Amino acid sequence: MGCIWLIARLSYPALMRVGHWLGALAMRIDSARRPVAEANIALCFPELDADQQAALVDAHLRDIGLMLVEFALGWMGRDEAIARLPLSIEGLEHLEQARAAGKGVLLVGGHFSHLELCARLVSQRIRIAGMYRRMDSTVFEWVVLRSRLHYADAMFEKDDIRGTVKYLRGGGTLWYAPDQDMRSKDSVFVPFFGVPAATITATHHLARMGNAVVIPFFHRRLPGNGGYALRLGAPLLGIPSDDVLEDTARVNACIEQMAREAPEQYLWVHKRFKTRPEGKPSVY
């Protein structure tokens, strides 16, 4: 935690240099995560030839180094340092319209390398809460939760449905990323990059119970030290519908669109296709 704190005190250009150095190291280390990224990218980008797929894997592993320093900055960066980061935000009018209508908002995003930092960046403009999974380390859990509560309205554990729904019904804005294989009984198989992916149905249920609008939340890191581009998309009209499969598929399609905009920045080292339809062989 001390190292993370020190990294977060670096200037942004210096922090990015450290991230690039860590990324170069990650690309060269023989890691169990490389085959995971290779399998995911081969499944999701069959139109790329072998060399192009390998180049995307390398680019993603280099991006992991930036992810490490961006997590440090998102957790422990000073408010004034966060405020100085180059930033553009589009689509705030969609949020304002939902709030004017008395609706809660689900900001639905994906697991990108800079998700923690971008959540803090968007919190400079709007009050948000988040959902999270408790960490195994007691020390990390205490420090990270304390850091997140510095900028967030609240942090709800993933099983705290009652608290989450109450927050949404009160007109709150909740950042939520439903794009990991949770091995949950509340998951369904819907396409992600054309591949059946076990996807949690919580977006549909939270929108229904919380009387909430679902707004896509895009974010990507710009080249060099250009900072970050954040975009709130138009609400996904019709969610919640009577068809949980259709709603979940629409959310996956939206996250796929985000990933295609900056493919090296998406978290390909996660075993997204760990759970397979019956009779289908393991991907990993």
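Anyway, here's the lowdown on the structure attached to this text. Values in this document were obtained by computation on a predicted structure and should not be read as measured data.

Each value, and the rule that gives it
Residues numbered from 1 in each chain as written. Predicted model: local features only at pLDDT ≥ 70, side-chain atom pairs only at ≥ 80, totals over all residues. Heavy atoms only, no water. Disulfide = S-S within 2.5 Å. Phe/Tyr/Trp six-rings, centres within 6.5 Å; stacked < 30°, edge-to-face > 60°. Helix = DSSP H or I, 4+ residues; strand = E, 2+ residues; numbered from the N terminus. Buried < 20%, exposed > 50% of the residue type's maximum accessible area, 1.4 Å probe, protein only. Pairing = 2+ DSSP bridges. Axes fitted to C-alpha atoms, helices over the stretch in contact; angles between N-to-C directions. Contact = heavy atoms within 4.5 Å.

Thoughts on the state of the cysteines
So, step 1. Summed over all chains, the structure comprises zero disulfides.
So, step 2. Its sulfur unpaired, C254 is 16 Å from the next cysteine sulfur, which belongs to C118.

Quick look at the packing of aromatic side chains
The geometry of two aromatic rings is summed up by the distance between their centres and the angle between their planes.
So, step 1. Applying the stated criterion across every chain yields a total of twelve aromatic pairs.
So, step 2. On the numbers, 5.2 Å between centres and 55° between planes, the contact of F45 with F193 is tilted. Here F193 lies in the loop between β6 (187–192) and β7 (195–200) and F45 lies in the loop between α3 (33–44) and α4 (50–76), a separation of 148 residues in the sequence. Each member of the pair F45 and F193 is classed as buried.
So, step 3. An aromatic cluster is built from F45, F112, F192, F193, Y266, W268 and F273, whose rings are joined through pairwise contacts.

What to know about the sheet that holds strand β5 (residues 173–176)
So, step 1. Strands sit in the order β1-β9-β8-β2-β5-β3-β4 across an open sheet of seven strands; the sheet is mixed. At either margin of the open sheet sits one strand with a lone partner, and together these are β1 (87–90) and β4 (155–157). Neighbour to neighbour, the strand axes of the sheet diverge by 25° on average, direction disregarded.
So, step 2. Across five bridges, the pairing between strand β8 (residues 212–221) and strand β9 (residues 228–232) is antiparallel. Within β9, the residue paired with R221 across the bridge is Y228.
So, step 3. Contacts from helix α11 (residues 244–261) reach β2 (104–108), β8 and β9 within the one sheet, and its direction differs from that of β8 by about 15°.

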